[in-house]
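# Per-entry structural report
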Amino acid sequence: MAELRALINAQVAALIDGSFGCLDAAASAIDARLRTSVSKGTLSKRLQGQYGWPVDEIIALEDAAGRHPVTRLMARRMDPDGETASGSILMHAGCVSKETGEAVSAILAAQQSQAANDGARALAEIDEAIEALQRARSVVVETVAGRGENS
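Residues numbered from 1 in each chain as written. Predicted model: local features only at pLDDT ≥ 70, side-chain atom pairs only at ≥ 80, totals over all residues. Heavy atoms only, no water.

### A short note on the pattern of salt bridges
For the coordinates displayed, the defined rule picks out 7 salt bridges. For Lys98, the salt bridge goes to Glu102, with nearest N and O atoms at 3.2 Å. Separated by 4 residues within a single helix, Lys98 and Glu102 lie in helix H6 (residues 89-112), roughly one turn from each other. A salt bridge links Arg135 to Glu131, with the nearest nitrogen and oxygen atoms 2.5 Å apart. (Salt bridge = Lys/Arg side-chain N within 4 Å of Asp/Glu carboxyl O. Helix = DSSP H or I, 4+ residues; strand = E, 2+ residues; numbered from the N terminus.)

In structure tokens form, the structure reads like this:
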């Protein structure tokens, strides 16, 4: 469980750093979406592991950023082998292209930065690229197997 909490924390840290840039902006995004008041200090304590992340705040951050790394992480828990992968190969190729491009960009940013958040963001982007590749692989395997049965 501690490993999952650390992964969620890394994903949220990368999301905040990559999409909001600072804790004040992240707190404002949460406040606006949930109509509550969360402080920069509370977010800092969550990032340090002193507090856990409420699901509604994670969803608010993901929706505001237009990216859903924690939701994807949680979905992988239910389907770690990609057994329910579906969709067109072309759609998956586009997703692989997008995610690997973002990963390369984040890796280069982390290389040039001394900030720990840049390293966390790079790891999160790498995980998303790996996930996209695994989903695409499952679809290609299903497609090839289907063609073999019909030949």
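### Digging into the confidence of the model for the protein
Summary statistics for the protein give a mean pLDDT of 84 and a share of 87% for residues scoring 70 or more. Predicted confidence in the protein is weakest over helix H5 (residues 69-78), with a mean pLDDT of 80, and strongest over helix H2 (residues 23-34), with 96. Confidence drops under a pLDDT of 50 for residues 82-86, and excluding neighbours within four residues, the segment shows 11 contacts in the predicted structure. (pLDDT = per-residue confidence, 0-100. Contact = heavy atoms within 4.5 Å.)

### Some remarks on the layout of surface pockets
In this structure, the second largest pocket spans a volume of roughly 230 Å³. What lines the second largest pocket is a set of 14 residues, and nearest its centre among them are Ile8, Trp53, Val55, Ile58 and Val70. Considering only residue class, the lining of the second largest pocket consists of 8 nonpolar, 4 polar and 2 charged. (1 Å grid on protein atoms, 1.4 Å probe; cavity = no way out; pocket = protein on both sides within 12 Å on 5 of 7 lines; lining within 4 Å. Points joined across faces, edges and corners; volume = space filled by probe spheres on them. Nonpolar A, V, L, I, M, F, W, Y, C, P; charged D, E, K, R; others polar.)

### Some points on a nonpolar patch on the surface
There is a patch of nonpolar side chains on the surface, built from Ile89, Val140 and Val144 and spanning about 220 Å² of accessible area. Mapped onto the elements of the fold, Val144 is located in helix H7 (residues 116-150). (Patch = residues over 30% accessible without salt bridge, like charges linked within 9 Å, V, L, I, M, F, W, Y side chains within 5 Å. Areas by Shrake-Rupley, 256 points an atom, 1.4 Å probe, with all protein chains shown as cover.)

### As for the environment of Asp63
Structurally, Asp63 is set in helix H4 (residues 55-65). In this view, Asp63 contacts Arg33 and His68; residues no more than four positions away in its chain are not counted.

### Section: the side chain of Glu128
As for its position among the elements, Glu128 is in helix H7. Residue Glu128 is classed as buried on the basis of its relative accessible area, which comes to 5%. Every residue in contact with Glu128, bar those within four places of it in the chain, is listed here: Gln11, Arg67, Pro69, Arg72, Glu99 and Glu102. (Buried < 20%, exposed > 50% of the residue type's maximum accessible area, 1.4 Å probe, protein only.)

### A word on the nonpolar core
Grouped together as the largest cluster of nonpolar side chains are 19 residues, with contacts concentrated most on Ile8, Val12, Ile16, Leu43, Trp53 and Leu61. Looking at this core, the elements with two or more residues in it are helix H1 (2-19), H2, H4 and H5. Excluding its chain neighbours within four sequence positions, the residues that come into contact with Trp53 are Ile8, Asn9, Val12, Ile16, Leu43, Arg46, Leu47, Ile58 and Leu61. (Core = buried A, V, L, I, M, F, W, Y, C linked by side-chain atoms within 4.5 Å.)

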